[in-house]
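# Inside the fold
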Amino acid sequence: MTLAIVDPLGDYNTDNSTSWVANDAGAKCTYLPGAGEFWLLLETGTGPTASGSNSTNSHFLRIDETTGAYIAMADDPAGQAGKLFLWGPIVADDVNSLVIAAGSYVTTSGGTTIGGQCLIAWNYDGTVAWETFWVTESDGSPFLFSYVLHLIYNPTLGALYLVQKGALNNRLQSLNLSTGARTSKATFRGISGDYRPVMDNAGDVWMNVDPVGGLTQERRYTLTGTPTNTVIETAGTGQVVQRQVYDEINDVAHWYLSSSATLRYWDGSAVQSQSAGSVWSSSGGTGSTNYEQFASRT
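All values reported here derive from a predicted model rather than from experimental measurement. (Residues numbered from 1 in each chain as written. Predicted model: local features only at pLDDT ≥ 70, side-chain atom pairs only at ≥ 80, totals over all residues. Heavy atoms only, no water.)

### Looking at the packing of aromatic side chains
Think of a pair of aromatic rings as described by two things: how far the centres are apart, and how the planes are tilted against each other in angle. To be explicit about the condition: Side-chain rings of Phe, Tyr and Trp, where Trp is taken by its six-membered ring, are said to pair if the distance between their centres is within 6.5 Å; with planes under 30 degrees apart they count as stacked, over 60 as edge-to-face, and otherwise as tilted. By the criteria applied, helices consist of DSSP H or I runs no shorter than four residues and strands consist of E runs no shorter than two, each listed in order from the N terminus.
Within the structure shown, the criterion is met by six aromatic pairs. Geometrically, the ring pair formed by Y12 and Y70 is edge-to-face, given 5.2 Å between the ring centres and 80 degrees between the ring planes. Taken together, the residues span a long stretch of sequence, with Y12 in helix α1 (residues 8–16) and Y70 in strand β4 (residues 70–73) at a distance of 58 residues. Taken together, a centroid distance of 5.5 Å and an interplanar angle of 55 degrees make the contact between W39 and F60 tilted. Remark: F60 occurs in strand β3 (residues 59–64) and W39 occurs in strand β2 (residues 37–42); sequence separation between them is 21 residues.

### Here we look at the sheet that holds strand β14 (residues 182–188)
Spelled out, the test is: Strands were regarded as paired on the criterion that DSSP finds at least two bridges between them.
Reading across from one edge, β10-β11-β12-β13-β14 is the order of the five strands in this open sheet, with antiparallel pairing throughout. The open sheet has two edge strands with one neighbour each: β10 (137–138) and β14. Strand direction decides the pairing type here: strand β12 (residues 158–166) and strand β13 (residues 170–175), joined by four bridges, are antiparallel. Looking at the pairing, Y161 lines up with S174 of β13.

### Quick look at the pattern of salt bridges
Just so we agree on the cut-off: Think of a salt bridge as a Lys or Arg side-chain nitrogen and an Asp or Glu carboxyl oxygen that are within 4 Å of each other. Classification of residues uses two cut-offs on accessible area relative to the type maximum, computed with a 1.4 Å probe and protein chains only: under 20% is buried, over 50% is exposed, and between them is partly exposed.
Tallying each qualifying case throughout the model produces six salt bridges. In this structure, R182 and E137 form a salt bridge, with 2.8 Å as the shortest nitrogen-oxygen distance. With R182 in strand β14 and E137 in strand β10, this residue pair connects regions lying 45 residues apart in the sequence. There is no split in this pair, since R182 and E137 are both buried. Notably, a salt bridge pairs E233 with R264, separated by 2.3 Å at the nearest N-O pair. Of the two residues, E233 sits in strand β18 (residues 228–234) while R264 sits in strand β21 (residues 262–266), which places them 31 residues apart along the sequence. With a relative accessible area of 11%, E233 lands in the buried category.

### Things to note about the sheet that holds β18
Sheet architecture is open: four strands sit in the order β15-β16-β17-β18, paired in antiparallel fashion. With partners counted over all chains shown, the strands left at the sheet margins are β15 (198–199) and β18, one partner each. The pairing of strand β16 (residues 205–209) with strand β17 (residues 217–222) spans five bridges and is classified as antiparallel. Bridging from a neighbouring strand, W206 pairs with R220 of β17.

### Brief notes about the confidence of the model for the protein
For clarity, the cut-off: A score from 0 to 100, pLDDT tells how confident the predictor is in each residue. Contacts are residue-level and defined by heavy atoms, with any inter-residue pair within 4.5 Å sufficient.
Summary statistics for the protein give a mean pLDDT of 82 and a share of 81% for residues scoring 70 or more. Per-element confidence in the protein is highest for β4, whose mean pLDDT is 96, and lowest for strand β22 (residues 271–275), whose mean pLDDT is 83. When the criterion is pLDDT under 50, residues 278–298 qualifies, and its contacts beyond four places in sequence or with other chains add up to 57 contacts.

### Observations regarding α1
The condition that has to hold: Note: the arc covers the axis-to-C-beta directions of the helix.
Within the span of α1, buried status applies to P8, L9, Y12 and N13. All buried residues of α1 project into a common sector of 135 degrees when viewed along the axis, lining one side. Pointing more than 90 degrees away from the buried face of α1 are the exposed residues T14 and D15. Looking at the buried side of α1, the elements it contacts are β2, β3 and β4. Trailing α1 by a residue or two, S17 shows a phi angle of about 55 degrees, which is positive.

### Observations concerning the side chain of R171
Operational definition: Think of a polar contact as two N or O atoms within 3.5 Å of one another; within protein, one of them needs to be a possible hydrogen donor and the other a possible acceptor, and neighboring residues in sequence only count if both atoms come from side chains.
Note that R171 resides in strand β13. Since its relative accessible area comes to 5%, R171 is described here as buried. Among the polar contacts made by the side chain of R171, one reaches the side chain of E137 at a distance of 3.0 Å. Of the polar contacts made by the side chain of R171, one reaches the side chain of S184; its length is 3.1 Å. Excluding anything up to four places from it in sequence, R171 contacts E137, S138, D139, F145, L162, V163, Q164, S184, A186, T187 and F188.

Spelled out as structure tokens, the structure:
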């Protein structure tokens, strides 16, 4: 077996007289199973400038998974060349052949630099499918909602829901995959860490919430039709319901109960528990960072 060393980014820079680098906070690659490609996010991690310097904004470089050669740079959204900072969650939705990414943008208006949040989808051929931009939003309450914190994805159903972070509460929204339009389905109080939700094969969303401030719960949200939720477990004193992972083979959502270091799941009639040891106490692949960089899949 021969190890092949490839440098698609270096080759692209040489061929195009550019000086792109990968995200200096840790390169983010997104795999497109149905296309035989992976996409490398290029940016320095410092955010864009209104002038659009090519060392401080986000682009995707498409790379052939078989040869390791670059294909092309994915297109820029209209009017936003050099002004995106895609620090948020990214998912390759193989059901709908879309790469969806969230983050921030900047632009100029009347000589003044302004900015806000964005959610953008690319077709697998690198063309932009749709784009949405906003600054802050309100649901009629005193609380404003801003950036996309999580994309909630099931590899069989597609990327259907997202969590938008608010000043106090978070908002669970459905996503129109043809237009990028978002529709609010439920408002909930996030817990410390804002652990990412997961979606099961029925399209229900499992997530951790803080219903009263202090207690935490594992809930299952059914969002088709009139949204409803079922409390699966309320943590006891000193316990925190946190990190989650979805077993797509067995169609089971698992969550972690922190203080007792147990892995929990619902068997259809009751909560079951097993020791998780130190595996889930780390912040690795099931990490708890506020700005979750990965889609909610195993």
